[in-house]
Amino acid sequence: MKTQKIKIVRKSKLYVVTLLITLGMFTACSDSDDASGSINQEEAAAETIINAMSPETGGAITQTDEAVVKASTIEDAAKQTDEPTISCGVAYANEVTLAGTQGGVTYYVGADWNWMLSCTVFGVPETFTMSFSSSRQYTSNRMTSDDDSVGEIAVSGLELLSNVFVVNSEVINSGNQISTLGNGYDLNSTINITISNLTYDKATLEILSGSANVSFSGTFNGTSSEIYGGTVEFLGSKNAVLNMNNGNSYPFSW
């Protein structure tokens with residue numbers, strides 16, 4: 001196994017998506033907030049889910065972004081040399097640091113990547129797969145978190161005739177969050193994320209479409225135990241919406 005160490009620190013970077021979760025933007029399609037600004041448990045869970053995915057906080061999309069960048073680099077090299085610059089079917093490993101700060105949000109992720117390039121019988125790059133385990137801390141004006149994630153990412157579409165990369169991924173995120181709004185919540189959560197057909201434009205490496213099934217299970221202030229579920233739809237143009245199973249929606253953008 002080949003091992004490398006990479007440190008990636010990006011402030012106001014392309015791949016750190018600005019998720020502005022203000023009181024006006026992060027509001028369910030209901031009137032559950034009271035005048036003091038306190039938020040109910042579902043809203044806290046929804047915010048935790050969004051933060052588990054958001055590149056602004058080093059969430060799951062940060063990892064898929066990085067996987068797509070690596071796949072794009074491999075594909076670009078193959079265009080120049082007619083063969084990939086890394087060996088097909090060989091396991092590689094990276095220790096990676098991802099960090100960013102923008103719009104009052106700061107995150108740090110330490111991750112171990114294990115990845116492999118799969119090629120056709122003719123040696124043409126076809127699929128890039130990556131597994132990872134990571135520890136993350138983030139701080140925003142609404143929430144802080146100390147959590148861990150494990151996941152699998154598969155990037156297809158490395159064929160030169162394709163105009164898009166397509167990502168499928170499974171991620172489990174678990175840890176402790178502190179909500180700083182209203183009466184506040186001390187959460188211990190586990191979030192399961194299944195990302196399906198997340199499509200990236202090869203020219204811009206921006207998300208065009210895709211979806212994710214998400215589930216949240218956790219405790220609030222050490223007493224109340226709750227389970228929530230929903231889907232995230234990626235709408236393109238840096239817009240998405242979290243639709244909870246009960247019908248409440250939480251749009252977000254970057």
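Structural data are supplied above this passage.
Just so you know, these numbers come straight off a predicted model, no measurement behind them.

Conventions we followed
Residues numbered from 1 in each chain as written. Predicted model: local features only at pLDDT ≥ 70, side-chain atom pairs only at ≥ 80, totals over all residues. Heavy atoms only, no water. Helix = DSSP H or I, 4+ residues; strand = E, 2+ residues; numbered from the N terminus. Buried < 20%, exposed > 50% of the residue type's maximum accessible area, 1.4 Å probe, protein only. Areas by Shrake-Rupley, 256 points an atom, 1.4 Å probe, with all protein chains shown as cover. Expected span 1.5 Å × (residues − 1). Polar contact = N/O pair within 3.5 Å; in protein donor to acceptor, adjacent residues only side chain to side chain. Pairing = 2+ DSSP bridges. Disulfide = S-S within 2.5 Å. Core = buried A, V, L, I, M, F, W, Y, C linked by side-chain atoms within 4.5 Å. Contact = heavy atoms within 4.5 Å. 1 Å grid on protein atoms, 1.4 Å probe; cavity = no way out; pocket = protein on both sides within 12 Å on 5 of 7 lines; lining within 4 Å. Points joined across faces, edges and corners; volume = space filled by probe spheres on them. Nonpolar A, V, L, I, M, F, W, Y, C, P; charged D, E, K, R; others polar. Salt bridge = Lys/Arg side-chain N within 4 Å of Asp/Glu carboxyl O.

What follows covers the overall build of the protein. Counting its secondary structure elements, the protein contains 2 helices and 11 strands. Mapped in sequence order, the helices and strands of the protein form the string β-α-α-β-β-β-β-β-β-β-β-β-β. In the protein, which comprises 254 residues, the proportion classed as buried is 50%. Accessible area of the protein: about 11100 Å², with a carbon and sulfur share of 51%.

Helix length check: helix α1 (residues 41-53), at 13 residues, gives a terminal C-alpha distance of 19 Å against a target of 18 Å (1.5 Å per residue), a fit within 8%. Most of α1 sits out of view: 13 of its 13 residues are buried. Taking the backbone nitrogen of glutamate 42 as reference, a side-chain oxygen 3.2 Å away marks asparagine 40 as the first, capping residue of α1.

Turning our eyes to something else, we now look at the pairing of strand β3 (residues 105-119). For strand β2 (residues 92-102) and β3, the ladder comprises 11 bridges, and the chain directions are antiparallel. If you follow threonine 101 over to β3, its bridge partner there is threonine 106. Connecting the antiparallel pair β2 and β3 is a turn made up of 2 residues, with glycine 103 showing a positive phi of about 60 degrees. Linking β3 back to strand β4 (residues 125-139) in an antiparallel pair, the connection comprises 5 residues, with glycine 123 at a positive phi of about 80 degrees.

Next up on the list: the state of the cysteines. For the coordinates displayed, the defined rule picks out 1 disulfide. Each disulfide pairs two cysteine sulfurs, and for cysteine 88 the partner residue is cysteine 119, the sulfurs being separated by 1.9 Å. Classification of the bridge connecting cysteine 88 and cysteine 119 rests on its S-S torsion, roughly -75 degrees, and on that basis the disulfide is left-handed. Pair noted here: cysteine 88 is in the loop between α2 (60-81) and β2 and cysteine 119 is in strand β3, with a separation of 31 residues, a long-range link. You can call cysteine 88 partly exposed: its relative accessible area is 33%. By relative accessible area, which is 18% here, cysteine 119 ends up buried.

So, on to the nonpolar core. Counting residues in hydrophobic clusters, the biggest one holds 57 residues, and the most contacted among them are Met53, Phe128, Val155, Ile193, Val232 and Leu242. Not counting chain neighbours up to four residues away, the residues in contact with isoleucine 193 comprise Ala52, Met53, Ala60, Ser169, Glu170, Val171, Ala212, Asn213 and Val214.

Scanning all chains against the criterion turns up 2 cavities of 30 Å³ or more. Put simply, the largest cavity is a space of about 70 Å³. In terms of lining residues, the largest cavity is bounded by Ala52, Gly58, Gly59, Ala60, Gln63, Val109, Phe132, Ser134, Arg136, Ser149, Val171 and Asn173. Ranked by residues supplied to the lining of the largest cavity, first place goes to β4 with 3 residues. Counted by class, the lining of the largest cavity contains 5 nonpolar, 6 polar and 1 charged residues.

Backbone phi values are negative for most residues with the exception of glycine, while trans is the configuration of most peptide bonds. Its identity is not glycine, yet asparagine 197 carries a phi of approximately 50 degrees, on the positive side. For asparagine 197, the location among the structural elements is in strand β7 (residues 185-201). Exposure remark for asparagine 197: the relative accessible area of 48% places this residue in the partly exposed category. For leucine 205, which is not glycine, the phi torsion reads 60 degrees and is therefore positive. Residue placement: leucine 205 occurs in the loop between β7 and β8 (207-220). Overall, leucine 205 belongs to the buried group, its relative accessible area being 16%.

This part covers the pattern of salt bridges. The tally for this structure, following the rule as stated, stands at 4 salt bridges. A salt bridge links lysine 202 to glutamate 75; its shortest N-O distance comes to 2.5 Å. With lysine 202 in the loop between β7 and β8 and glutamate 75 in helix α2, this residue pair connects regions lying 127 residues apart in the sequence. Overall, lysine 202 belongs to the buried group, its relative accessible area being 15%. Note that arginine 136 and aspartate 147 form a salt bridge whose closest N and O atoms lie 2.8 Å from each other. Of this pair, arginine 136 sits in strand β4 while aspartate 147 is found in strand β5 (residues 143-156), placing the two residues 11 residues apart along the sequence. For arginine 136, a relative accessible area of 4% gives the class buried.

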